[in-house]
Amino acid sequence: MLQGPEINQYDVEPVNAPARQQSQPLYAKREKIHPKRAEGNFRQLKWIIMAVTLGIYYVTPWLRWDRGPFAPDQAVLVDLAHRRFYFFFIEIWPQEFIFVAGLLVMAGVGLFLVTSVVGRAWCGYTCPQTVWTDLFLVVERFFEGDRNARIKLDKAPWSFDKIRKRVMKHAVWIVIAVATGGAWIFYFADAPTLLQNFLEGDAPFIAYSTVAILTATTYVFGGLMREQVCIYMCPWPRIQAAMLDEESLVVTYNDWRGEPRSHGAKKAKAAGLAVGDCVDCNACVAVCPMGIDIREGQQMACITCALCIDACDGVMDRLGRERGLIAYATLKDYDANMALATNPVSGAIEPERVRDADGRFISAVKHFDWHVFLRPRTLIYTGLWLAIGIGMLVMLNARERLEPQRPTGSQPGLCPTQRRLDPQRLHRQAAQHDSRAAGVRLEARRAARRGDVLRRVESARRAQLRRHRRSRSPQDPEALRRPAERRGRGRHDGLPLRPQRHEQFRKRHLRGRVRSAGENQMSLKTSAPREFTGRHMARVMVAFFGTIISVNLTMAYFASSTWSGLVVPNSYVASQTFDADTAKREQELSRGWSAETTYEGGRFRLRLTDAEGLPVEAKVTATIGHPVNANFDRTLILGPTGEGGYAGDTELPAGRWEARLTVEKLGLDPWHRAVRFSVR
């Protein structure tokens, strides 16, 4: 069916259609979605991001980086065997895991920042599930064609051509899945060597098992489950609302200019009916990879890929109308524009209220403003993200590097002239190490100090022996005897020559010198650089997870104190009466009653009519509340004003409100209706 000469009417039913939502269980069997290929700016942006992210993932393990001899030359390497992480010129040791933790914290804060600014942009553009699903869709379109061709192929009976296309498609999917798993293991070992061993069958078992698991998950998630991963497995859609506020940009259907929808705008205008810009072509549904209708409002399944924006902009271009019927918009701007387009008396949307005589938008209409990026929430997230990043860079640049040096022509720790171990020389060499060798340097200093004391004691003893020998006459036969012949004797002129007493003498002098050097030892201990130990890591982890738990508890408190999200007190009990409740709602709808609400000057008015337009006289109760804050709920018993009119007084601040009406008429079951209205 054509709307005009160019606009196609797509025969597609969204998965979130109201009729299907009423009977849909908590978990539904997957219905295959055939998204149509979109064309536009956002689709081009997704192509670029997909090419860049896949290129980084597959190519990075093969990049080389020269780190000198005895070091791996792979640019990015997680060397678990030697407990090292290499990232180009950065080398991370196990005790420096704080850098990895910092990167994770930066990733989390960055995700909060992006979500608070542009909604689920991570899900729509850079999430691995989205990237690989787009890649699998490219392969599917290549072999089976675009949307209509794939639908036709699914309904066709099995034939050689159908089998050939399906086999080739799944074969390429499996090749992509194997390449995905293979690229992952190359980050943990030298890529060329591991590839050769993998093909020859000499790789470790863990390599083959990892490739097998990642191959299966990539094939199943990207080819068979797709949107079910986002709806049922990913937790982010369920917590994204905590990251959004009234000034976050989200993909929005601007019903203030699109409603009422019409296939034949010329006939409707000729009949004097209000007509919006939406021609109900369903192009936005046809291109959606999740199969939803964005015109039903924000929903959990929307990944904010913005392909519906491209599809709608293309339709608006062909119709000669302004782009932006579906666009990135804030809830604040949407509410303001909705208030402009809503008739304050009837509550109906009248698109002509936002246009001038020439058909252009009036100046009061809110459009995109880049100032939404500069608000306290985003500035706090940005400042926190930058502070963590700058702090990590400072720590990374301030750390010393372990580079033990060997003197030319001699061995480490040996005196080049006397060819003996020199503790002082060993201490000087150890002092050139960085903080990761603090233990080695401290032991070297202690050994040097002990060796210095021992050398002084031995030097004093030898000097005493020399003075004693010079004082004896040469004729004394005892002085002419060799020292070796005098060993073992009890005493010789008061000199302690026995080995046992000699050792005791050395220990006494050593203890005395160590006690006298207490101040030096104290300065040695205090001057030693501090290490990042397990206790420090435990404190970091406690602080990190403590912060997360505190934020979660705070958010849970605010959520439960405003609106907990509870629709029914007991879901099991509600499920037992689901069929009866559905039948009751259908019976209420069959009456054909209509309710028109207005709010002006602190007074809420309701006009209730039956299917024939006659006034309905009954007892009316209205529970008025904010859609996301239960603290604003208030219940009014509306008094009759005649001719089916009812009214009640209450003060409401500006914004969107919802009135849940309960009409009790004698002889009939209660009639319920929820009506939303705006307060300017």
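Residues numbered from 1 in each chain as written. Predicted model: local features only at pLDDT ≥ 70, side-chain atom pairs only at ≥ 80, totals over all residues. Heavy atoms only, no water.

Asks: Help me get a handle on the overall build of the protein chain, residues and values and all.
Replies: Scanning the protein chain from terminus to terminus reveals 26 helices and 14 strands. The proportion of buried residues among the 680 residues of the protein chain is 38%. Sequence-distant contacts, at least 24 apart, represent 64% of the contacts inside the protein chain between residues at least 6 apart. Counting only carbon and sulfur atoms, one obtains 60% of the accessible surface of the protein chain, whose full area is about 40,200 Å². (Helix = DSSP H or I, 4+ residues; strand = E, 2+ residues; numbered from the N terminus. Buried < 20%, exposed > 50% of the residue type's maximum accessible area, 1.4 Å probe, protein only. Contact = heavy atoms within 4.5 Å. Areas by Shrake-Rupley, 256 points an atom, 1.4 Å probe, with all protein chains shown as cover.)

Asks: Can you explain the pairing of strand β3 (residues 76-79)? Please cite residues and give values.
Replies: As judged from the four bridges shared by β3 and strand β4 (residues 84-87), these two strands associate in the antiparallel manner. Counted as the bridge partner of V76 is F87 from β4. Adjacent in sequence and paired antiparallel, β3 and β4 are bridged by four residues, among which R83 carries a positive phi angle near 55°. (Pairing = 2+ DSSP bridges.)

Asks: Help me get a handle on helix α2 (residues 41-59), residues and values and all.
Replies: Taking 1.5 Å of rise per residue, the 19 residues of α2 would be expected to cover 27 Å, and the 27 Å separating its terminal C-alpha atoms lies within 8% of that figure. All buried positions along α2 are accounted for by R43, K46, W47, I49, M50, L54 and Y57. Buried residues along α2 sit in contact with α4 (121-126), α5 (128-144), α7 (160-185) and α15 (307-319). (Expected span 1.5 Å × (residues − 1).)

Asks: Any chance you could break down the layout of surface pockets for me, citing the residues and the numbers?
Replies: Its boundaries defined by the atoms lining it, the second largest pocket holds a volume of some 830 Å³. Forming the boundary of the second largest pocket are 21 residues, of which I56, Y57, F87, W184 and Y187 lie nearest the centre. Looking at the lining of the second largest pocket, the elements with two or more residues in it are α2, β3, β4, α3 (98-118), α4 and α5. When residues in the lining of the second largest pocket are grouped by element, the largest group, four residues, is from α2. When grouped by side-chain class, the residues that make up the lining of the second largest pocket number 18 nonpolar, three polar and no charged. (1 Å grid on protein atoms, 1.4 Å probe; cavity = no way out; pocket = protein on both sides within 12 Å on 5 of 7 lines; lining within 4 Å. Points joined across faces, edges and corners; volume = space filled by probe spheres on them. Nonpolar A, V, L, I, M, F, W, Y, C, P; charged D, E, K, R; others polar.)

Asks: Describe the pairing of strand β6 (residues 250-253), with residues and values.
Replies: Covered by surrounding structure in β6 are V250 and T252 together with V251 and Y253, the residues of both alternating faces. Here β6 pairs with strand β7 (residues 326-329) via four bridges, running antiparallel. What sits directly across from Y253, in β7, is I326.

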